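# Reading the structure
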Amino acid sequence: MASSDLTPVDDAISRLVTQARPVTDTETVALENSLDRVLARDYSVPADVPPADNSAVDGYAVRAGDVAEATVLPVSGRVAAGEAPGSFQPGTAVRIFTGSEIPAGADSVVMQERVTVTEDGITINAPVSEGQNIRRRGQDLTQGELALAKGTKVRPQEMGLLGSMGVAEIEVYKKLRVAILTTGDELVDPGQPLAPGQIYNSNRYTLLGLLAKAGCEVALCETLADTRDGTRSTFERAAAEADLIITSGGVSVGEEDHVRVVLEEAGSLSLWRMAMKPGKPLAFGSIEGTPVLGLPGNPASVLVTFLVVGMPLIRACQGRPSISLPGEQMPAGFSVGNPSVRREYVRARKGIGEDGPVVNAYPNQSSGVLSAACWAEGLAVVPENTAVGIGDTITYYSFAELLE
Ligand code: AMP
Ligand code: MG
């Protein structure tokens, strides 16, 4: 088949993202349960963070002007963190601690290491400049500003930021409900004996892990026999229960491959065959309005196509903005001799070459070899129609980045 029949990877991704059906239902979760959820509204800052000027060190709050005149200052008070500060008497020092609110009238804090404590008070042994060691009110967040935008995925630091704003309950989109349908008469679940001709279903577990990492809920997880009617009826049932259907296998041209045909007959097919290696046979369409991503059957192809084209689709369905992953530009520690019309994603990891960091490839890149993916920590890209030599600059994406 001519290369023009293959959709370039970037075109395939934009087509999927355009046809994604973002979740619109929302729910409220406690802040402690908000990790990896997607914000369903903008969060603006209700009040300055921090709410008042406070000390960055343990020491003494003073007025810088007083120190220039007399370096011995009587200690007139004490403010522990959490206490409301009393009033400040000019010409004195107030004992203060990290996080204590600065008493009104004081304008600087002297670290206790710069001070000698005597019976008369403190002697300051260093120059004092106005504002030193004070963390200003609102230095982190200012009242009214946008802190986090709708569509943001909550990481630990976003949880902390929301906490610092005093927000206890978070409005998030409902988790994307995904149906996993693995297809193949040869598949047997682990734990069962294998009869001749059978293999264990591995894609199911790869997909369960990937979807958990991607913050999705598994609405349905079934294995389909290679029949037209069974495939169609399970697709229709899954379409009613899930926001997105992901299948593996059955997208090639053999007479036992029913996924593409059922999409054409009972729904719609908008993409088939990509200029990607591994992952040429890949179908995308919909059934009763629910998007269906038909991944190839080979175990390594499932992982790679999910990460490269499935994740942008999932991000869009989760109500998140499109992101363009920068990857890392690194010298190749391997070579690929024959240029291909397909963009190749090589299971790879970083290593140290003679001249510094390089990206190494697992020697066996067969799409049936999943152990290469366990050795790997990411994917290196061999661009379309390009040979790669050792030392050539290529782009490397870590698995963590691809799963962002
Ligand atoms: P297919 O596209 O259905 O012809 O599948 C391509 C290859 O992937 C065949 O060798 C299948 O046996 C294998 N395969 C398909 N589905 C799975 C699965 N769930 N687990 C492991 N291997 C699979
Ligand atoms: Mg099959």
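Thresholds applied
- Residues numbered from 1 in each chain as written.
- Chains lettered and ligands numbered in written order.
- Predicted model: local features only at pLDDT ≥ 70, side-chain atom pairs only at ≥ 80, totals over all residues.
- Heavy atoms only, no water.
- Salt bridge = Lys/Arg side-chain N within 4 Å of Asp/Glu carboxyl O.
- Helix = DSSP H or I, 4+ residues; strand = E, 2+ residues; numbered from the N terminus.
- Buried < 20%, exposed > 50% of the residue type's maximum accessible area, 1.4 Å probe, protein only.
- Pairing = 2+ DSSP bridges.
- Axes fitted to C-alpha atoms, helices over the stretch in contact; angles between N-to-C directions.
- Contact = heavy atoms within 4.5 Å.
- Near = heavy atom within 4 Å.
- Polar contact = N/O pair within 3.5 Å; in protein donor to acceptor, adjacent residues only side chain to side chain.
- Areas by Shrake-Rupley, 256 points an atom, 1.4 Å probe, with all protein chains shown as cover.
- Nonpolar A, V, L, I, M, F, W, Y, C, P; charged D, E, K, R; others polar.
- Domains from an automatic or database assignment.
- Buried area = accessible area lost by both parts, 1.4 Å probe.
- Core = buried A, V, L, I, M, F, W, Y, C linked by side-chain atoms within 4.5 Å.
- Arc of directions from axis to C-beta.

Under the counting rule described, the total for this entry stands at 15 salt bridges. Where Glu 236 meets Arg 232, a salt bridge forms, and the shortest distance between an N and an O atom there is 3.4 Å. Here Glu 236 and its partner Arg 232 are both found in helix H5 (residues 228–241), four residues apart, which amounts to about one turn of the helix. On the basis of relative accessible area, Glu 236 is assigned to the partly exposed category, the value being 26%. For Arg 260, the salt bridge identified is with Glu 264, shortest N-O distance 3.4 Å. Here Arg 260 pairs with Glu 264, and both are found in helix H6 (residues 259–266), just four residues apart, close to one helical turn. Take Arg 260: its relative accessible area is 16%, and that puts it in the buried class. Here Glu 264 falls in the partly exposed class, since its relative accessible area comes to 44%. Beyond isolated ion pairs, a larger network of salt bridges with shared partners links Asp 10, Arg 343 and Glu 384.

Each strand in a sheet pairs with another by means of backbone hydrogen bonds, the pair being arranged parallel or else antiparallel. Taking strand neighbours across the sheet as the criterion, the six strands line up as E17-E14-E18-E22-E21-E19 in an open arrangement whose pairing is mixed. The open sheet has two edge strands, strand E17 (217–224) and strand E19 (268–272), and neither has a second partner. Each strand of the sheet is rotated relative to its neighbour by a mean of 20 degrees, with strand direction disregarded. Relative to E17, strand E14 (residues 177–183) is paired through seven bridges, and the arrangement is parallel. Across the sheet, the residue bridging to Thr 183 is Leu 224, located in E17.

Moving on, we get to the side chain of Arg 37. Mapped onto the elements, Arg 37 comes out in the loop between strand E1 (26–30) and strand E2 (43–44). If sequence neighbours within four positions are ignored, Arg 37 has contacts with Glu 27, Val 29, Thr 152, Lys 153, Val 154, Val 172, Tyr 173, Lys 174 and Lys 175.

The subject of this paragraph is the pairing of strand E25 (residues 356–361). One ladder, built from six bridges, connects strand E24 (residues 343–353) with E25; its direction is antiparallel. Bridged to Gly 351 within E25 is Val 358.

As a further point, take the site of ligand 1. Close to ligand 1 lie 16 residues; Glu 186, Asn 201, Ser 202, Asn 203 and Gly 250 are nearest. Ser 202 places a polar main-chain atom, nitrogen or oxygen, 3.0 Å from a nitrogen atom of ligand 1. Residue Gly 250 places a main-chain N or O atom 2.9 Å away from an oxygen atom belonging to ligand 1. In isolation ligand 1 has 480 Å² of accessible area, and contact with the protein removes 77% of it. Residue assignment for the shell around ligand 1 shows that the elements contributing at least two residues are E14 and strand E16 (199–200). Of the residues belonging to the shell around ligand 1, the class tally is four nonpolar, 10 polar and two charged.

To continue, consider the domain arrangement of the protein chain. Domain annotation for the protein chain reports domain 1 (3–23 + 175–317), domain 2 (28–48 + 140–173), domain 3 (54–135) and domain 4 (328–402). For domain 1 versus domain 4, the separation of C-alpha centres amounts to 25 Å. Domain 1 puts 22 residues into the contact, and the matching count from domain 4 is 15 residues. Taken together, both faces of the contact between domain 1 and domain 4 bury some 1600 Å²; the carbon and sulfur share is 65%. Contact with domain 4 buries area across many residues of domain 1, yet Lys 277, Ala 300 and Leu 307 alone supply 33% of it, more than any other trio. Across the contact surface, domain 1 and domain 4 share one salt bridge. Of all the secondary structure elements, the ones that give two or more residues to the side of domain 1 that touches domain 4 are helix H1 (9–18), strand E20 (276–277) and helix H7 (299–317). When residues in the side of domain 1 that touches domain 4 are grouped by element, the largest group, nine residues, is from H7. For the side of domain 1 that touches domain 4, the per-class residue count stands at 13 nonpolar, five polar and four charged.

Right, let's get into the nonpolar core. Counting 45 residues, the largest nonpolar core has Ile 246, Phe 306, Leu 307, Val 308 and Ile 314 as the members making the most contacts within it. Sorting the residues of this core by element identifies H1, E14, helix H4 (203–213), strand E18 (244–248), strand E22 (290–295), H7, strand E26 (378–382) and helix H9 (399–402) as the ones contributing at least two each. If you tally residues by element for this core, the top one is H7, at 12 residues. For this core, the domains that each give at least three residues are domain 1 (3–23 + 175–317) and domain 4 (328–402). Among all residues touching Ile 314, those that are not within four sequence positions of it are Leu 176, Leu 211, Ala 214, Cys 216, Leu 244, Ile 246 and Phe 306.

Within helix H3 (residues 156–164), burial applies to Glu 158, Met 159, Leu 161 and Leu 162. The buried residues of H3 occupy an angular sector of 165 degrees when projected down its axis, which confines them to one face. Residues of H3 that are buried sit in contact with E2, strand E12 (146–148) and strand E13 (169–173).

Our next topic: the environment of Leu 162. Take Leu 162: it is sitting in helix H3. According to the relative accessible area criterion, Leu 162 is buried, its value standing at 0%. In this structure, the C-alpha to C-alpha distance between Leu 162 and Val 45, residues 117 residues apart in sequence, is 9.0 Å. Ignoring sequence-local partners within four residues, the contact set of Leu 162 consists of Leu 31, Leu 39, Tyr 43, Leu 148, Val 167 and Ile 170.

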